[in-house]
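Read off the chains here:
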2 protein chains.
Amino acid sequence: MTASTPFTIRRLAIIGCGLMGGSVALALKRAGCVDHVVGYSRSAETRETALDMGVIDEAAAGIATAVRDADMVILATPVGALATTLQIIAPHLSVDCILTDVGSTKSDVAAIAKQELGRHAARFVPSHPIAGKEHAGVMHAEADLYDERKVIMTPLPHNALGAIGAVQAMWQICGADVVTMTPQNHDRVFAAVSHLPHLLAFSYINGLANQADSDTFFALAGPGFRDFTRIAGANPDMWRDVFKSNRDAIKEQIDQFRTALDSFEAALDARDGAALEQFVERSRDIRAPWRLNAVIPTRDDLTQQ
Amino acid sequence: MTASTPFTIRRLAIIGCGLMGGSVALALKRAGCVDHVVGYSRSAETRETALDMGVIDEAAAGIATAVRDADMVILATPVGALATTLQIIAPHLSVDCILTDVGSTKSDVAAIAKQELGRHAARFVPSHPIAGKEHAGVMHAEADLYDERKVIMTPLPHNALGAIGAVQAMWQICGADVVTMTPQNHDRVFAAVSHLPHLLAFSYINGLANQADSDTFFALAGPGFRDFTRIAGANPDMWRDVFKSNRDAIKEQIDQFRTALDSFEAALDARDGAALEQFVERSRDIRAPWRLNAVIPTRDDLTQQ
């Protein structure tokens, strides 16, 4: 993108006007890089809110009409709804229409796109923005959600170069730093840094709730609990789909976690103060200096597998 | 405490001038309820900083001189140092001197006080303020650390009524809401809502660090990781002592957690979408509406055991 080739999306379609999709629309509008935004959400109330907030300029009555004549489509529904959505829109996409998504898993998205879109899969470049807020929903959408956040893009061998360039430019205009990886590496890394912590937080809350006096626990919990469990309030539909679609990588990470937990418990059983201290020290030495976005990797070969 | 009996500590001794102890001094000074603060820390640098910041008015050269003539002593070192500290100060306490601590475990503190202080144990009322910050150290101490936070006080059958009243009044002046419990109930509740989450966060970071490409993991981790692992940067000395002293209650909570994790993994293995969704939903329904300090319990019999 240079000054001589301004990047403007004439007609953008957002399928799933929530926090993520809505914030893409607002960020592109902020940059003056989109002429017209059409949105579709299952719920009429969400469509109304998105219109009232100026997130979208037009609410479509159905998915097929939403994408008609669009030159870019953002798929922002839970991953479980993707196959059906693509089946519906495939016959209605104009030949040059470029697609991307915002899903938390990428191998499955790549496979679904190839299966449902056929030759048009060349123009679907999967992506995963590493951004979020405690509360979901279009009412929380904001233009700066992606500012200085990473977006992982997983371009595929069959992707058209122009589609890759357009999706990358779109995210950069939203304020994000784009990192490219293979879908497989993406899914392994995010099983470790996102899916596992969510799973642990969900399990922790369920484990407390299973106990008779859990009300007392929740009443007396402090700021450490608050931060540790923030992600335990996340969307069940979305996370069911993430767990189903990235099962194997997640199971590998559960095993890694269990190994660490077992060695901790062994030190506890042995009343081994030195081992307990070393265990906490290693965690502290890694986590205390860690900062969000401290390192911006930009190469595809970050991980080997 | 009424207007006719103003609560003023003539001489307050802080043993361990860190975030917690330093903030007590600043909070009492803010309220104008302390005339003179003497502080002791092992490190000369910490003593200097505490003096420079006005946290303490006088740095003592040793623990024994710090407590001489004090009418209240705050013990704010890791719990592992408590027995030795009490042995040293016991002969130097004036007869009416009241003591409390800020430790995260209470059964062990109660036992140590009884053993080391003999009859003076009547004036040691253990307490545990539920407050903290990402960074420890006296340089982060502040007068409002305890504002609207809970402080759990675990008065013992042998405690003098005046000592209980004075410690409670002291924390209220610091801005806190005081909740009383037995040491045993305290330790069980905090094994669940504090010790276990720390243990899980430490294990999680160790489990990541055990893997060959952990650098990539840490580089790509996002805001969810940041919040979930904030407590993984905590102090190794303090946490070694907590884990050693509250071992049995913590092991019970590890078992509860493992049961929940196992049932989650069984749903994952069975590709049981409904069960996965239900599991996340239960977590979301509890955690999403949860608020820090939403409930202020004030009775001793909150938990039965």
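Since the model is a prediction, treat every value here as computed from it, not as a measurement. (Residues numbered from 1 in each chain as written. Chains lettered and ligands numbered in written order. Predicted model: local features only at pLDDT ≥ 70, side-chain atom pairs only at ≥ 80, totals over all residues. Heavy atoms only, no water.)

To continue, consider the domain arrangement of chain A. Residues and elements named next belong to chain A. In terms of domain boundaries, chain A breaks down into domain 1 (9–181) and domain 2 (186–287). One C-alpha centre belongs to domain 1, the other to domain 2, and the line joining them spans 31 Å. At the interface, 16 residues of domain 1 touch 12 residues of domain 2. A buried area of about 1100 Å², summed over both sides, lies between domain 1 and domain 2, and 64% of it is on carbon and sulfur atoms. Joining domain 1 to domain 2, the criterion identifies zero salt bridges. Applying the counting rule to domain 1 against domain 2 returns seven residue pairs in polar contact (both at pLDDT 80 or more). (Domains from an automatic or database assignment. Contact = heavy atoms within 4.5 Å. Buried area = accessible area lost by both parts, 1.4 Å probe. Salt bridge = Lys/Arg side-chain N within 4 Å of Asp/Glu carboxyl O. Polar contact = N/O pair within 3.5 Å; in protein donor to acceptor, adjacent residues only side chain to side chain.)

A few words now on the interface of chain B and chain A. Between chain B and chain A, the residue contacts involve 92 residues of the former and 92 residues of the latter. Interface area for chain B against chain A, summed over the two sides, is near 9000 Å², with a carbon-plus-sulfur share of 62%. A per-residue breakdown of the area chain B buries against chain A is headed by Leu220(B), Phe228(B) and Arg287(B), which together make up 9% of the total. The tally of links from chain B across to chain A stands at 14 salt bridges. For the side of chain B that touches chain A, the elements supplying multiple residues, two or more each, are strand S7 (150–153), helix H7 (183–209), helix H8 (214–220), helix H9 (223–228), helix H10 (236–245), helix H11 (247–269) and helix H12 (273–287) of chain B. Of the residues belonging to the side of chain B that touches chain A, the class tally is 49 nonpolar, 18 polar and 25 charged. (Helix = DSSP H or I, 4+ residues; strand = E, 2+ residues; numbered from the N terminus. Nonpolar A, V, L, I, M, F, W, Y, C, P; charged D, E, K, R; others polar.)

Our focus in this paragraph is the side chain of Ser23(B). Residues and elements named next belong to chain B. Relative to the elements of secondary structure, Ser23 occurs in helix H1 (residues 19–30). Among the residues examined, Ser23 registers a relative accessible area of 0% and is labelled buried. Setting aside its immediate chain neighbours within four residues, Ser23 contacts Gly18, Ala141, Glu142, Ala143, Leu145 and Tyr146. (Buried < 20%, exposed > 50% of the residue type's maximum accessible area, 1.4 Å probe, protein only.)

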